[in-house]
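Architecture at a glance
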Amino acid sequence: RMALAGLRSFTLNIRLLMILGALGAVSLDLWEEAALLVFIYFLGDVLEVFAVDKARGSIRALMELAPSEALVKRDGTEKTLPVEEIRVGDIVIIRPGDRIPLDGEVVGGSSTIDQAPITGESMPVGKKTGDEIFAGTINQRGALEIKVSKLAKDTTLAKIIHLVEEAQAKKSKYQRFAEKFGKYYTPSMFGLAIGVAVIPPLFFGQDLATWYLRGLVVLVVSCSCGLALSVPVAVVTAIGNAARHGVLI
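Heads up: these notes are all about the structure in this document.

Turning our eyes to something else, we now look at the overall build of the protein. The secondary structure content of the protein amounts to 8 helices and 9 strands. A compact globule built from 249 residues should have a C-alpha radius of gyration of about 18 Å, whereas the protein, at 29 Å, is more than 25% larger. The dimensions of the protein, computed from C-alpha atoms along their principal axes, are 95 × 30 × 30 Å. Taking all contacts inside the protein whose residues are at least 6 apart in sequence as the whole, residues at least 24 apart take part in 64%.

Structure below.
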């Protein structure tokens with residue numbers, strides 16, 4: 001389908017290169033070679049999807065750092081509410097071992113907080129009345145009361161998730177180079193393959209079948225699939241792997 005789409009828009013893409021190479025191999029009764037060529041391209045696509053899914057998994061892991069509900073003290077009673085319903089100024093009660101649901105300021109109690117998921121600090125940080133606290137961090141010892149300072153969509157953790165998603169959506173200069181390179185490289189390789197297949201038999205009386213096969217070989221081995229697949233996979237995988245290790249790009 002992608003090869004046909006390229007033909008309709010007069011764009012010579014890698015899929016078309018692969019399809020023509022495979023069809024040419026079939027026309028020469030080289031069924032195993034045709035199947036192997038299609039399999040290799042398909043495997044590249046599978047690896048790319050796998051890499052993208054792993055990167056998305058790292059974002060999901062970031063999103064899971066903050067709980068979806070919190071115990072709120074409102075109108076003299078304590079109730080559990082979804083974080084989306086909690087307003088700025090609400091008092092949230094954090095028990096020992098709980099994850100902090102929202103950014104806020106400590107207004108009651110004291111404890112130590114594991115801030116490694118957000119700040120990367122390896123040692124727990126002591127918190128007392130008046131100290132700032134971040135969503136996604138972990139309360140360790142004492143109970144705390146926190147006055148919410150930011151909505152769920154505006155927390156430091158939410159901004160980190162947004163930045164990681166933004167980094168994945170943008171293309172690096174290497175990706176842009178690969179696309180620009182492929183735009184000119186692929187048509188030139190088509191031209192070279194046609195020249196190899198046609199010129200020797202037409203002008204020098206060479207055997208047509210031999211040079212037809214060599215033209216197909218040029219089509220197959222000249223594919224820019226290395227640039228087209230390796231650069232996006234490397235970039236997306238690197239961003240996802242870095243996020244899992246606390247390095248945010």
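If you check helix H7 (residues 208-221), its first and last C-alpha atoms are 20 Å apart, about what 14 residues at 1.5 Å a residue would give, namely 20 Å. If you check which residues of H7 are buried, you get Gly215, Leu216, Val218 and Leu219. In a view along the axis of H7, the buried residues occupy a sector of 155°, so they form one face of it.

One pass over the structure, following the stated rule, counts 4 salt bridges. The salt bridge partner of glutamate 145 is lysine 73, with a shortest N-O separation of 2.8 Å. Pair noted here: glutamate 145 is in strand E9 (residues 144-148) and lysine 73 is in strand E1 (residues 69-74), with a separation of 72 residues, a long-range link.

This part covers the packing of aromatic side chains. On inspection of all chains with the given rule, the structure shows 0 aromatic pairs. Against the face of tryptophan 211 rests arginine 214, its NZ or CZ located 4.6 Å from the ring centre.

Bringing the sheet that holds strand E5 (residues 111-114) into the picture now. Strand pairing in a sheet takes place through backbone hydrogen bonds and is either antiparallel or parallel in direction. Ordered in space as E6-E5-E8, the 3 strands form an open sheet in which the pairing is antiparallel. The open sheet has two edge strands with one neighbour each: strand E6 (125-127) and strand E8 (138-139). Judged from the 2 bridges that link them, E5 and E8 form a sheet pairing that is antiparallel. Across the sheet, aspartate 114 pairs through a bridge with isoleucine 138, a residue of E8.

Strand order in this open sheet of 6 strands is E2-E1-E3-E9-E4-E7, and the pairing throughout is antiparallel. The open sheet has two edge strands, strand E2 (77-82) and strand E7 (132-133), and neither has a second partner. Pairing analysis gives 6 bridges linking E1 to E2, with the strands arranged antiparallel. Among the inter-strand pairings, leucine 71 is bridged to a residue of E2, identified as threonine 80.

Let us look at the side chain of glutamine 115. Along the polypeptide, glutamine 115 turns up in the loop between E5 and helix H4 (116-119). For glutamine 115, the residues in contact, after removing those within four places along its chain, are Gly120, Glu121, Val125, Lys127, Phe134 and Thr137.

The next thing to look at is the nonpolar core. Judged by nonpolar contacts, the single largest core of 15 residues is most densely connected at Ile86, Val92, Ile94, Ile100, Ile133, Leu144 and Ile146. At the level of elements, E1, strand E3 (91-94) and E9 are the ones that each hand at least two residues to this core. In terms of residue count, E9 provides more of this core than any other element does, 3 residues in total. Non-local contacts of isoleucine 86, meaning those with residues more than four positions away in its chain, are made with Ala70, Val72, Arg74, Leu81, Val92, Leu102, Val148 and Leu151. Of all hydrophobic cores here, the second largest spans 12 residues; its members include Ile160, Ile161, Ala167 and Ile239.

Conventions and cut-offs
- Residues numbered from 1 in each chain as written.
- Predicted model: local features only at pLDDT ≥ 70, side-chain atom pairs only at ≥ 80, totals over all residues.
- Heavy atoms only, no water.
- Helix = DSSP H or I, 4+ residues; strand = E, 2+ residues; numbered from the N terminus.
- Rg over C-alpha atoms; globule rule 2.2 N^0.38 Å.
- Contact = heavy atoms within 4.5 Å.
- Expected span 1.5 Å × (residues − 1).
- Buried < 20%, exposed > 50% of the residue type's maximum accessible area, 1.4 Å probe, protein only.
- Arc of directions from axis to C-beta.
- Salt bridge = Lys/Arg side-chain N within 4 Å of Asp/Glu carboxyl O.
- Phe/Tyr/Trp six-rings, centres within 6.5 Å; stacked < 30°, edge-to-face > 60°.
- Lys NZ or Arg CZ within 6 Å of the ring centre and 35° of its normal.
- Pairing = 2+ DSSP bridges.
- Core = buried A, V, L, I, M, F, W, Y, C linked by side-chain atoms within 4.5 Å.

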